[in-house]
Amino acid sequence: MRDLGAGFGYLMKGQRWVAQHGKQYGWGLLPGLITLVLYAAALVCLGVWGGDFISWSTPFADDWTSPWQGVFRGFLTAVLFALALLLAVLTFTAVTLLVGQPFYESLSEEVDRAESGGHAPESGLSLMRELWISARDSLRLLVRAVLWGILLFALGFIPFVGQTVIPVIGFFVTGYFLTEELTSVAWQRRNREVRERLAVLRSRRGLAWGFGTPLALAFLVPFVAVFLMPGAVAGATLMVRELEGETGAPEPAQAHAQTPGPEAQWPAAYGQGPGQGQGQAQGQGAQWPGAHGQGQGQGQGQGQNAQWSGPQHGQGWTN
């Protein structure tokens, strides 16, 4: 249960991150919009000509009397559309990530830089090589997702269980695959193979379910997937950082100085400030009475040679 909550927390953190970075959010919407238009066109075509396809594929029912012919073909048409809708949900993320690989790659890098103080892992591969690896990995996951979709669809015909338990299992399975797809953006830049990724996620299934299952439920609402995808990529990057054991915040600025005279040098500050200790320095050169010692100081300096504010850490001898 703890991992379920943590996974959902990363999903929310990702949405908050893109909300605070409007430019990255705007670029991240484009791949989802393109994929949504393609999927919507395909589903509309299926809705218009799906009945004709079923009639063509069931010639043995041409001589059936009414109403059995209409009931039978209508049922098959509904099943075909439902299966297409399920596959659309399962494959939307994979196709969107493939279409938007450069966009989401840039977004994921920005998240890494923001969380690590300017550093982002790089795969060292060319764009074409990255696209090939992304397409290959997405195809592998797509095959597994389709097999699971067919199995769950068949189990859906079991009385009572198929209408209660199987849909719940289906959402958890879909959420797991969504997590696999979304984390692949950050993991690919870290040169993690598919087997390594799956091994990590299997050991943290609760985390994957908590992240992906609410997303799968949200994707059932039209157009929601488009607006949640950038935040989902950002949240998946944050989750990968946690799974990789990487620090989640930039390291504080550090300044090291040794004071040969009355003024201490602070590379991270503007100008010159006091020696070590805690207090407020004023004037051209602050001197601290006392014995020799080492320590850390935090304070605010004012004046010509002590124009720095905030925490500063350093080492030095003070007189």
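Fair warning: this is a prediction, and the values are worked out from it, not measured in the lab.

Novice: What am I meant to see in the overall build of the protein here?
Specialist: Helix and strand counts for the protein come out as 9 helices and 5 strands. Relative to its 319 residues, the protein shows a buried fraction of 39%. If you take every contact in the protein between residues at least 6 apart in sequence, the share linking residues at least 24 apart comes to 70%. For the protein, the exposed area adds up to about 17400 Å²; of that, 65% sits on carbon and sulfur atoms.

Novice: Just to check I follow, could you spell out the environment of valine 168 for this structure?
Specialist: Looking at the element boundaries, valine 168 is found in helix H6 (residues 161–189). When the C-alpha positions of valine 168 and threonine 213 are compared, they lie 9.8 Å apart, and in sequence the two are 45 residues distant.

Novice: Quick question: what am I supposed to make of the side chain of glutamate 181 here?
Specialist: Along the chain, glutamate 181 turns up in helix H6. No salt bridge is formed by the buried glutamate 181, whose closest oppositely charged neighbour, arginine 197, lies at an N-O distance of 7.2 Å. In this structure glutamate 181 touches Thr93, Ala94, Leu97, Ser138 and Leu141, once residues within four positions along its chain are discounted.

Novice: Can you walk me through the nonpolar core in this structure?
Specialist: The tendency in soluble globular proteins is for nonpolar side chains to be buried as a group. In terms of nonpolar packing, the biggest core is built from 32 residues, with Leu182 and Met229 touching the most fellow members. Contributing elements (two or more residues each) for this core: helix H1 (2–19), helix H3 (68–99), helix H4 (101–116), H6, helix H8 (205–219) and helix H9 (224–243). Among the elements that line this core, the one with the most residues is H9, at 10 residues. If we ignore the near neighbours within four places in the chain, the residues touching methionine 229 are Phe92, Thr93, Thr96, Leu97, Tyr104, Leu182 and Phe219.

Novice: I'm lost on the side chain of threonine 179 in this one. Help?
Specialist: Looking at the secondary structure, you find threonine 179 in helix H6. Here the side chain of threonine 179 touches glycine 212 through a polar contact of 3.4 Å, landing on its backbone nitrogen. Setting aside residues up to four positions removed in sequence, threonine 179 forms contacts with Leu201, Ala208, Phe211, Gly212 and Met239.

Novice: Please explain H9 as it appears in this structure.
Specialist: Because an α-helix completes one turn every 3.6 residues, residues spaced three or four positions apart along the sequence face the same direction. Helix length check: H9 (20 residues) gives 27 Å between terminal C-alpha atoms against 28 Å at 1.5 Å per residue, within 8%. Proline 230 marks the point of greatest bend in H9, at about 35°. Of the residues flanking the end of H9, it is glycine 245, one or two places downstream, whose phi is positive at about 75°.

Novice: Can you walk me through the confidence of the model for the protein in this structure?
Specialist: Low-pLDDT stretches of the model should not have their predicted coordinates read in fine detail. Here the protein averages 75 in pLDDT, while 76% of its residues score no lower than 70. By mean pLDDT, strand S1 (residues 264–265) is the weakest element of the protein at 37, and H1 is the strongest at 91. Confidence drops under a pLDDT of 50 for residues 249–319, and excluding neighbours within four residues, the segment shows 123 contacts in the predicted structure.

Novice: I tried to follow the packing of aromatic side chains on my own but got confused; where do I start?
Specialist: Any two aromatic rings considered together are summarised by their centre-to-centre distance and by the angle between their planes. Across all of its chains, the model carries 9 aromatic pairs by this definition. Seen from the ring of tyrosine 10, lysine 13 lies directly overhead, with NZ or CZ sitting 4.9 Å from the centre.

Novice: Whenever I open this one, the pattern of salt bridges confuses me. Can you help?
Specialist: Once their charged atoms are close, side chains differing in charge can pair, the charge on each being opposite to the other. Under the criterion given, the structure shown has 14 salt bridges. In this structure, the salt-bridge partner of arginine 204 is aspartate 3, at a minimum N-O distance of 3.0 Å. Taken together, the residues span a long stretch of sequence, with arginine 204 in the loop between helix H7 (194–203) and H8 and aspartate 3 in helix H1 at a distance of 201 residues.

Novice: Please explain H3 as it appears in this structure.
Specialist: Along its 32 residues, H3 runs 44 Å from first to last C-alpha, staying within 8% of the 46 Å computed at 1.5 Å per residue. At threonine 91, H3 shows its largest bend, some 45°. Of all the residues in H3, the buried ones are Arg73, Val79, Ala88, Val89, Leu90, Thr91, Phe92, Thr93, Ala94, Thr96 and Leu97.

Novice: Please clarify how the packing of helix H2 (residues 22–57) against H9 should be interpreted in this entry.
Specialist: For the pair H2 and H9, the least separation of the axes is 8 Å and the interaxial angle reads 135°. Judged by the angle between their axes, H2 and H9 are oblique. Judged by the twist between their axes, the crossing of H2 over H9 is right-handed. Between H2, through Tyr25, Gly28, Leu29, Gly32, Leu33 and Leu36, and H9, the contact on the second element is made entirely by Val226, Phe227 and Pro230. Per-class residue counts for the contact of H2 with H9 are 7 nonpolar, 2 polar and no charged.

Novice: What should I look at first to understand the environment of alanine 94 in this one?
Specialist: Looking at the element boundaries, alanine 94 is found in helix H3. Judged by its relative accessible area of 8%, alanine 94 is buried. Separated by 45 residues in the primary sequence, alanine 94 and leucine 139 have C-alpha atoms spaced 8.3 Å apart.

Novice: Honestly, a nonpolar patch on the surface in this entry has me stumped. Any pointers?
Specialist: Nonpolar side chains collect at one region of the surface, where Ile158, Phe160, Val161, Val165 and Ile169 lie side by side and expose about 420 Å² of accessible area between them. Following the sequence through the fold, valine 165 ends up in helix H6.

Novice: Help me understand unusual backbone geometry, please; the structure alone is not making it clear to me.
Specialist: Look at the link from serine 66 to proline 67: it is a cis peptide, with omega at 10°. In this fold, proline 67 is placed in the loop between H2 and H3. The phi dihedral of asparagine 191 falls on the positive side, at around 55°, and the residue is not glycine. Among the structural elements, asparagine 191 can be located in the loop between H6 and H7.

Here is what the cut-offs are and how they apply
Residues numbered from 1 in each chain as written. Predicted model: local features only at pLDDT ≥ 70, side-chain atom pairs only at ≥ 80, totals over all residues. Heavy atoms only, no water. Helix = DSSP H or I, 4+ residues; strand = E, 2+ residues; numbered from the N terminus. Buried < 20%, exposed > 50% of the residue type's maximum accessible area, 1.4 Å probe, protein only. Contact = heavy atoms within 4.5 Å. Areas by Shrake-Rupley, 256 points an atom, 1.4 Å probe, with all protein chains shown as cover. Lys, Arg positive; Asp, Glu negative; His and termini not counted. Salt bridge = Lys/Arg side-chain N within 4 Å of Asp/Glu carboxyl O. Core = buried A, V, L, I, M, F, W, Y, C linked by side-chain atoms within 4.5 Å. Polar contact = N/O pair within 3.5 Å; in protein donor to acceptor, adjacent residues only side chain to side chain. Expected span 1.5 Å × (residues − 1). Bend = angle between axes of the 7 residues up to and from the residue. pLDDT = per-residue confidence, 0-100. Phe/Tyr/Trp six-rings, centres within 6.5 Å; stacked < 30°, edge-to-face > 60°. Lys NZ or Arg CZ within 6 Å of the ring centre and 35° of its normal. Axes fitted to C-alpha atoms, helices over the stretch in contact; angles between N-to-C directions. Parallel < 35°, antiparallel > 145°, perpendicular 65-115°, else oblique. Left-handed = near helix turned anticlockwise from the far one by under 90°. Nonpolar A, V, L, I, M, F, W, Y, C, P; charged D, E, K, R; others polar. Patch = residues over 30% accessible without salt bridge, like charges linked within 9 Å, V, L, I, M, F, W, Y side chains within 5 Å.

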